[in-house]
Amino acid sequence: MPILRLALPTPLRQLFDYLPLENSTEAQIQALQAGIRFRVPLGSREVVGYLVSVEGESGHNPTKIRRVLEQLDTTSLLTAPILALCQWAQSYYRHPPGEVYAAAFPNRLRQGKPPPQVPPNHWRLTGRGKGLPEGALKRSPKQALTLTLLQENALVSRETLANHGVSSAVLRALKEKGLAEPAEAPVSSSAAIRMPALPANKEQTAALAEITPTFGHFACHLVDGVTGSGKTEVYLQLIAECMARSEQALVLIPEIGLTPQTLRRFSDRFEARIEVFHSGLSDTERYQAWEAARTGRAHIIIGTRSAVFTPLEKLGLIVVDEEHDAAFKQQDGFRYSARDVAIKRAQLEQCPVILGSATPSLESLRNAAQGRYSHQRLTHRAGNSSLPAISTADIRGEALQGGLGERLIRACEGALARGEQVLLFLNRRGYAPSLICHDCGWIAQCRACDARLTVHRRQRQLRCHHCGASQTLVQQCPECRGAQLLTNGLGTEQTEETLNKRFPGVTIHRVDSDSVQGRATMGALVEEINRGEPCILLGTQMLTKGHHFPRVSLIGVIDADALLFSADFRGEERMAQLLTQVAGRAGREDTLGEVLLQTHYPDHPAVQAMVSQSYAEQAQAIMTRRAETGMPPFGQLLVLRVDSDRLADGEAFLHQLRRRVSSQAPTEAVFIGPLPAALSRRAGKFRSQLLVSAPSRKAIQQCAQQLVTTAEHLRATRGLKWSIDIDPLEVL
Ligand code: ADP
Ligand code: ZN
Ligand code: ZN
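Note that the structure is a prediction, hence the values are computed from the model and not measured.

**Thoughts on the overall build of the protein**
Now for step 1: The helix and strand inventory of the protein stands at 22 helices and 32 strands.
Now for step 2: The C-alpha radius of gyration of the protein comes to 29 Å, within 12% of the 27 Å expected for a compact globule of 732 residues.
Now for step 3: Considered along the principal axes of its C-alpha atoms, the protein spans approximately 80 × 75 × 60 Å.
Now for step 4: Looking at the 732 residues of the protein, the share that counts as buried comes to 52%.
Now for step 5: Sequence separation of 24 or more characterises 76% of the internal contacts of the protein that already satisfy a separation of 6 or more.
Now for step 6: Carbon together with sulfur atoms contributes 49% to the accessible area of the protein, which is approximately 33000 Å² in total.
Now for step 7: Of note, the protein has its 84 positive side-chain charges centred 5 Å away from the centre of its 73 negative side-chain charges.

In structure tokens, the structure reads:
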């Protein structure tokens, strides 16, 4: 009897065997495609699983094997390359296969729900409606108007009708009279260019000349171009080529805040169906976008990291924009890097993949240097603007106002007086990062984390930025009842308050995750800013990602020191990337830019490097230092993390694991730990970790496999949870 081998959404790293449906024939069973969804019993639950293979027989006792309950698809909804990609990802990341397959489906299908019945979104006249004379239905002006609209165009969308004030009731009335009916919009098959491409400059031409011939087979290209050098223009021209080949393009971006601007540029250029996957979509909308992508009706798919698993009928090109961005790495559950998965996918789909960035990761730079990727450099800004001049403002001993020293304040005044805009960067939200009692020294701590609570004055709250816990802002010290509670340090809320006093009449836009929620808000804000009135933008990292602010001429980094002294091995790389990205917002178009870094360490080598070197030069120097440590990209890493109720439990688990695995592991693998994590307690759990480094991927994969198999068989104490992270971004 053949057996169905399924991947199920459980935390177990194994496949599950089931008997086929009772009345199915041998031929029917052999014809089942991998990826088909089945509803199956699991313990006392019913779950949706994905067919991986049909096996001749199971290794298990056949009387114990249960039967599938329902077959949900007749043919697989996943393409062959996506199936292969899931296979690869579950093995590379050592993740439970069911959760990996689930990543390729929208929520609705994961839950086993049928495809939603979507009512047609357009209206047209019936034969009878067409027969009506002009000016009919005079007694009902709304119905008359609707009739006119439908007479002018054969098919009118629901949105257009709504824009003319036509309600559902009016349409219903016309339908009841047999004059109008809902209808499907035609499937547009071919895309067209709406706006001609900009004439490519010399560097763009060179990049296009290298990349274009690689359509139709796998190649990886690093497009390494300073901010404003025309990377997006290169993507657009490649996408035009992709569409001319009747193929689809997949564009991955780190954050959805970027979509309004990116989307506008795409839709201005192409007369094409563009599907954007963002968190604001309902389950039904997400399913529709996914379905349009899968069936080849969508020409361009833009999305964040999870979009990398979207099945596409005829993928021709993948673009990973801002490839260095940490947001491409999923930090919990299925810990994959969407950039790395995209490269694997391009290999499986036999198409080119573009990694674009103004500040490429050391991983990609090294791959380019070793010839695995082509290296396309765009060294000049494409428009008329030049890169901003960067200088430091030494704030030692200065009286600061909301964190701003004299020099930065004067520079702000100058820019505002010239009618220009200012961007101030402070990567800390809230009013102040801690609250202390002046009488006894008590500090507001999170009960569940090894961390201080942040003061949010406007909401009168103390909040933990690690676990999200919040409580009312106390007025009195809980230890000594003292009333002198002092805030320590500086957050955006406090700086905003000071700026409002210091620059009366000037609009201050605070941009952080407290003040701006959702992509619509961000889109509206960016639009308002780009209308060009002089103003001050004050924000966290949220402000720095890919936005164009053509009227910003001054950028102030309020606390450059906060980036210095990171203990993580990627600390200096991150700092160079972040500051270069912040600086890149200034002086686009015709406004000359200036960047001021406020610091107490003007002579620190990293600060000096920012002032005097390009990102490429800094990256080169960091690369040389990194090589000496053997850390990625010169070696490979994995982290096994444990959360436990008691610190000793987690450490004992990791000690056992290390003892059992290190003796059989490849000799070149180095085991470090168990060590407490940088935040040693979060949300009530103690966190410890075991780090393994090795010169080769093969050795790391071997260790990963041994660690996972051993961990699965180790007896864990209650409340203990472990996870493995291959190619971790942070190892603290
Ligand atoms: P990046 O993606 O590298 O930041 P963009 O593609 O957004 O760069 O280009 C920056 C600016 O330069 C945009 O306003 C864009 O329209 C303009 N630009 C890009 N390429 C050209 C070109 N070949 N000729 C003229 N302007 C260009
Ligand atoms: Zn006190
Ligand atoms: Zn907390």
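**What about the pattern of salt bridges?**
Now for step 1: In this structure the tally under the stated criterion is 33 salt bridges.
Now for step 2: The partner of E55 in a salt bridge is R5, and the shortest N-O contact between them spans 4.0 Å. With E55 in strand β4 (residues 45-55) and R5 in strand β1 (residues 3-7), the pair connects residues that are 50 residues apart, well separated along the chain.
Now for step 3: Given a relative accessible area of 25%, E55 falls into the partly exposed group.
Now for step 4: Residues E572 and R625 are paired through a salt bridge, measuring 2.8 Å at the closest nitrogen-oxygen approach. Highlighted residues: E572 in helix α18 (residues 571-583) and R625 in helix α20 (residues 615-629), separated in sequence by 53 residues.
Now for step 5: The network of salt bridges with shared partners includes R458, E496, R510 and D512.

**Overview of the sheet that holds strand β3 (residues 37-42)**
Within a beta sheet, neighbouring strands are joined by backbone hydrogen bonds and run either parallel or antiparallel to one another.
Now for step 1: The 5 strands lie next to each other as β2-β1-β4-β3-β5, forming an open sheet whose pairing is antiparallel. Two strands lie at the open edges of the sheet, namely β2 (16-18) and β5 (70-71), each paired on one side alone.

**Observations concerning the coordination of the zinc ion (ligand 2)**
In an ideal octahedron of six donors the angles at the metal are 90 or 180 degrees, and in an ideal tetrahedron of four donors they are 109.5 degrees.
Now for step 1: Listed as protein donors to the zinc ion (ligand 2) are C437 (SG), C440 (SG), C477 (SG) and C480 (SG); their distances from the metal cover 2.3 to 2.4 Å.
Now for step 2: Around the zinc ion (ligand 2) sit 4 donor atoms; with metal-centred angles ranging over 104 to 115 degrees, the donor geometry is tetrahedral.
Now for step 3: Counting along the primary sequence, the residues that act as donors to the zinc ion (ligand 2) give the motif C-x2-C-x36-C-x2-C. Taken together, the residues C437 in strand β20 (residues 434-437) and C480 in the loop between β23 (470-472) and β24 (485-488) connect sequence positions 43 residues apart.

**Structural notes on the site of ligand 1**
Now for step 1: Taken together, the neighbourhood of ligand 1 is formed by 17 residues, with P199, Q204, K231, T232 and R265 sitting nearest.
Now for step 2: Within the contact set of ligand 1, an oxygen atom lies 3.2 Å away from a backbone nitrogen or oxygen of S229.
Now for step 3: Here K231 contributes a backbone N or O atom positioned 2.9 Å from an oxygen atom of ligand 1.
Now for step 4: Notes on ligand 1: free accessible area 560 Å², of which the protein chains cover 76%.
Now for step 5: Looking at the shell around ligand 1, the element that brings in the most residues is helix α10 (residues 231-244), giving 3 residues.
Now for step 6: Class assignment for the residues of the shell around ligand 1 results in 5 nonpolar, 8 polar and 4 charged.

**Topic: the packing of helix α6 (residues 141-152) against helix α8 (residues 168-176)**
Now for step 1: For the pair α6 and α8, interaxial distance at closest approach is 10 Å and the crossing angle is 75 degrees. In terms of their interaxial angle, α6 and α8 are classed as roughly perpendicular. For the pair α6 and α8, the contacting residues are K142, Q143 and T146 in the first and V170, L171, A173 and L174 in the second.
Now for step 2: Looking at the contact of α6 with α8 residue by residue, the classes come out as 4 nonpolar, 2 polar and 1 charged.

**Remarks on the nonpolar core**
Across soluble globular proteins, you tend to see nonpolar side chains buried next to one another.
Now for step 1: The biggest cluster of nonpolar side chains holds 81 residues, and the ones touching the most others in it are I318, L638, F671 and L707.
Now for step 2: Sorting elements by how many residues they give to this core places helix α22 (residues 697-713) first, with 7 residues.
Now for step 3: Sequence-distant contacts of L638, defined by excluding residues within four places in its chain, comprise L690, L691, V692, I700, C703, A704, L707, I724, D725, I726 and P728.
Now for step 4: V557, L563, L579 and V607 belong to the second largest nonpolar core, which has 29 residues in total.

**Observations concerning the packing of aromatic side chains**
Now for step 1: Scanning the entire structure with this criterion turns up 12 aromatic pairs.
Now for step 2: Where F309 meets F334, the ring centres are 5.8 Å apart and the plane angle is 35 degrees; that geometry is what we call tilted. Here the residue F309 occupies a position in the loop between β14 (300-303) and β15 (315-321), and F334 occupies one in the loop between β15 and α13 (338-349), the gap between them amounting to 25 residues.
Now for step 3: Look at F309 and you get buried, because its relative accessible area is 1%.

**Side note on the coordination of the zinc ion (ligand 3)**
Now for step 1: For the zinc ion (ligand 3), the protein coordination sphere consists of C446 (SG), C449 (SG), C464 (SG) and C467 (SG), at 2.2 to 2.4 Å.
Now for step 2: Here the zinc ion (ligand 3) is ringed by 4 donor atoms whose angles at the metal span 107 to 112 degrees, and the overall shape comes out tetrahedral.
Now for step 3: Between consecutive donors of the zinc ion (ligand 3), the numbers of intervening residues give the motif C-x2-C-x14-C-x2-C. Residue C446 shares its accessibility class with C449, and that shared class is buried.

**Section: empty space enclosed by the protein**
Now for step 1: Within the structure shown, the criterion is met by 1 cavity of 30 Å³ or more.
Now for step 2: Its volume calculated, the largest cavity comes out at about 30 Å³.
Now for step 3: Lining the largest cavity we find Q401, L404, I409, T498, L499, R502 and F503.
Now for step 4: If one sorts the elements of the lining of the largest cavity by residue count, helix α16 (residues 492-502) sits on top with 3 residues.
Now for step 5: The class makeup of the residues in the lining of the largest cavity is 4 nonpolar, 2 polar and 1 charged.

**Remarks on the pairing of β4**
Now for step 1: Sheet topology note: the β1/β4 ladder contains 5 bridges and is antiparallel. Residue pairing for β4: I3 is matched across the bridge by E55.
Now for step 2: The turn linking β3 back onto β4 is made up of 2 residues, and G43 within it adopts a positive phi angle of 60 degrees.

**Let's talk about the packing of α18 against α20**
Now for step 1: In the contact formed by α18 and α20, the axes pass within 10 Å of each other and the chain directions differ by 175 degrees. Comparing their axes, α20 and α18 come out roughly antiparallel. On α20, the residues touching E572, E573, A576, Q577 and T580 of α18 are Y615, Q618, I622, R625 and R626.
Now for step 2: Per-class residue counts for the contact of α18 with α20 are 3 nonpolar, 3 polar and 4 charged.

**As for helix α12 (residues 283-294)**
Now for step 1: Compared with an ideal rise of 1.5 Å per residue, which puts 12 residues at 16 Å, α12 spans 16 Å between its outermost C-alpha atoms and is within 8% of the ideal.
Now for step 2: For α12, every residue scored as buried is listed here: Y287, A289, W290, E291, A292, A293 and R294.
Now for step 3: Buried-residue contacts for α12 involve α4 (107-110), β11 (248-252), β13 (274-277) and β14.
Now for step 4: Note on α12: the residue one or two positions beyond its end, G296, has a positive phi of about 85 degrees.

About the thresholds
Residues numbered from 1 in each chain as written. Chains lettered and ligands numbered in written order. Predicted model: local features only at pLDDT ≥ 70, side-chain atom pairs only at ≥ 80, totals over all residues. Heavy atoms only, no water. Helix = DSSP H or I, 4+ residues; strand = E, 2+ residues; numbered from the N terminus. Rg over C-alpha atoms; globule rule 2.2 N^0.38 Å. Buried < 20%, exposed > 50% of the residue type's maximum accessible area, 1.4 Å probe, protein only. Contact = heavy atoms within 4.5 Å. Areas by Shrake-Rupley, 256 points an atom, 1.4 Å probe, with all protein chains shown as cover. Lys, Arg positive; Asp, Glu negative; His and termini not counted. Charge placed at Lys NZ, Arg CZ, Asp CG, Glu CD. Salt bridge = Lys/Arg side-chain N within 4 Å of Asp/Glu carboxyl O. Pairing = 2+ DSSP bridges. Donors = N, O, S within 2.8 Å, 3.2 Å for Na, K, Ca; no water. Tetrahedral: all angles 85-135°; square planar, octahedral: opposite > 155°, others 65-115°. Near = heavy atom within 4 Å. Polar contact = N/O pair within 3.5 Å; in protein donor to acceptor, adjacent residues only side chain to side chain. Nonpolar A, V, L, I, M, F, W, Y, C, P; charged D, E, K, R; others polar. Axes fitted to C-alpha atoms, helices over the stretch in contact; angles between N-to-C directions. Parallel < 35°, antiparallel > 145°, perpendicular 65-115°, else oblique. Core = buried A, V, L, I, M, F, W, Y, C linked by side-chain atoms within 4.5 Å. Phe/Tyr/Trp six-rings, centres within 6.5 Å; stacked < 30°, edge-to-face > 60°. 1 Å grid on protein atoms, 1.4 Å probe; cavity = no way out; pocket = protein on both sides within 12 Å on 5 of 7 lines; lining within 4 Å. Points joined across faces, edges and corners; volume = space filled by probe spheres on them. Expected span 1.5 Å × (residues − 1).

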